[in-house]
Each structure stands twice: as C-alpha cells, then as structure tokens.
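Chain residues, written in single-letter form:
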Amino acid sequence: MESYISFSIISVFFYTFMILTLLAGKRSRIINSFMCVLGGMLCWTLGSFLMRMEAGPSYILWYYVSLAGILFLPYFYYVFISEFMGVRMGRKSKIPLLLMLLLFAINIPGGIILRWPDLIRKNGGAHFVYKITPWFLLFFVVAGITIIQIFITMYRGCRRHPGYRKQIEPILVGILIILWETLRWQCRYFPDSPSILSAV
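The structure contained in this document is the topic of the report that follows. Just so you know, these numbers come straight off a predicted model, no measurement behind them. (Residues numbered from 1 in each chain as written. Predicted model: local features only at pLDDT ≥ 70, side-chain atom pairs only at ≥ 80, totals over all residues. Heavy atoms only, no water.)

Some points on the overall build of the protein chain
Tallying secondary structure elements over the protein chain gives seven helices and two strands in all. Reading the protein chain from its N end, one meets helices and strands in the order α-α-α-α-β-β-α-α-α. Buried residues in the protein chain amount to 40% of all 200 residues. Taking contacts inside the protein chain between residues at least 6 apart in sequence as the whole, the part at least 24 apart equals 69%. (Helix = DSSP H or I, 4+ residues; strand = E, 2+ residues; numbered from the N terminus. Buried < 20%, exposed > 50% of the residue type's maximum accessible area, 1.4 Å probe, protein only. Contact = heavy atoms within 4.5 Å.)

Observations concerning the packing of helix H4 (residues 95-110) against helix H5 (residues 137-160)
Orientation of H4 relative to H5, taken along the N-to-C sense of each, is 160°, at an axis distance of 10 Å. Considered as vectors, H4 and H5 are oriented roughly antiparallel to each other. Between H4 and H5 the crossing geometry is left-handed. For the pair H4 and H5, contact is made by Pro96, Leu99, Met100, Leu103, Phe104 and Asn107 and by Leu138, Phe139, Val142, Ala143, Ile145, Thr146 and Gln149, respectively. Taken together, the residues of the contact of H4 with H5 break down into ten nonpolar, three polar and no charged. (Axes fitted to C-alpha atoms, helices over the stretch in contact; angles between N-to-C directions. Parallel < 35°, antiparallel > 145°, perpendicular 65-115°, else oblique. Left-handed = near helix turned anticlockwise from the far one by under 90°. Nonpolar A, V, L, I, M, F, W, Y, C, P; charged D, E, K, R; others polar.)

Let's talk about H4
Among all positions of H4, only Pro96, Met100, Leu103, Phe104 and Asn107 are buried. Across the axial projection of H4, the buried residues extend over an arc of 100°, all falling on one side. Along H4, exposed side chains directed more than 90 degrees from the buried face belong to Leu98 and Pro109. Against helix H3 (59-85) and H5 lie the buried residues of H4. (Arc of directions from axis to C-beta.)

Brief notes about the packing of aromatic side chains
Per the stated rule, a full pass over the model turns up ten aromatic pairs. Note on Phe72 and Phe104: the rings are 5.8 Å apart at their centroids and 70° apart in plane angle, and the pair reads as edge-to-face. Here Phe104 lies in helix H4 and Phe72 lies in helix H3, a separation of 32 residues in the sequence. Take Phe72 and Phe104: they sit in the same class, and that class is buried. Taken together, Tyr63, Tyr64, Phe72, Phe104 and Trp116 form an aromatic cluster joined through their ring pairs. (Phe/Tyr/Trp six-rings, centres within 6.5 Å; stacked < 30°, edge-to-face > 60°.)

In structure tokens:
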C-alpha cells in the first residue's frame, strides 16, 4: 500500500511538472497534443489514487476521473502521433472520439456500461468490488479502432518519411513503458482498480 501511494504521488508530480514546464515554454500543435497525453495520464493516476484514498466529495467522482483518463488516452496518443508524423487527420478520425464521448456520457448516470465499484468495509479496510457486464466491451471496441488508426498513421508517416522511423521508436518505447508500469503497479496492488484491463 505504501509503495502504491509513493508511486502514485511521484507519477502525479511528474505529470504535473511536465505539463507546467510545457505551459511555460513555446507552444505548438505537437506540444499541445503531448500535453493532452500527459493530461490523460494525470487523470488516470490521480483519479485512481484519490478514489482509493476515498477523497471527497465522493469516490465515485474520482472513479469517473480515472476512467475518463483511461478511455480518452488512446485518442490523445492518436492526435500526438499524427502531429508528430505530419499526417493530416481527416473528419472521419474524430468518429472514435465522438463515440467514446457518447459512451462515457451514457455511462455516467447509472454506470450502465461500466459501473463504479461498491465500497465494502471488511476487517477494518476498504475494498472496492466491481460488477462487470459484457457492455464494457463497447469501450474496448472504440479504443481498438483508435489504436488501429495510430498504427495506420505511423505506417503512412514512415512510408512518406523513412527517417521518422528512428524518431518514433523512442517515443513508442517510452509510451509503452509508462503504460506498462502504471498498469503493473495498479494491478499488483489493486487488482480491482478502475482499469478496463484489470476488468478483463
């Protein structure tokens, strides 16, 4: 538990520091899109942490903050990769974002797609119990479409500019490390945490 708290605090500090640093510097479309990625990671980590700490006004609020960070992160990556690779995003590219916004809005009132966990106190501790239904796969479908778009964008960018391949590799490695470490720590200490992956 203490390790999880330390990891969360360090992550929140890191993401916040990077966002503030970028805000103070020269802005561009690439910088703005990267800040969105950091914002998604911040919402995911901070929301999950505050939910576990049962911060006010309600843990359900922080559940949705964390869920929003997870759900919209693929699209933020898609925008960032598109800007970095110099690939223009068409109107159809916004369809996954609109679908995710719609699903998220539908889910808010009663948690129809992915309900917030029930808070159960047992043996002096708080436990969060999730009730998963097949409807949560809708989030997976939309996120999967976005991820496919990311790979298509990278392929087009590298085909037009072969030199981009060496530049994109470190970015992809960094993204995978951040995602893997966040998921690993979250699933290790809280296997029932608000993560779509852990819901599987």
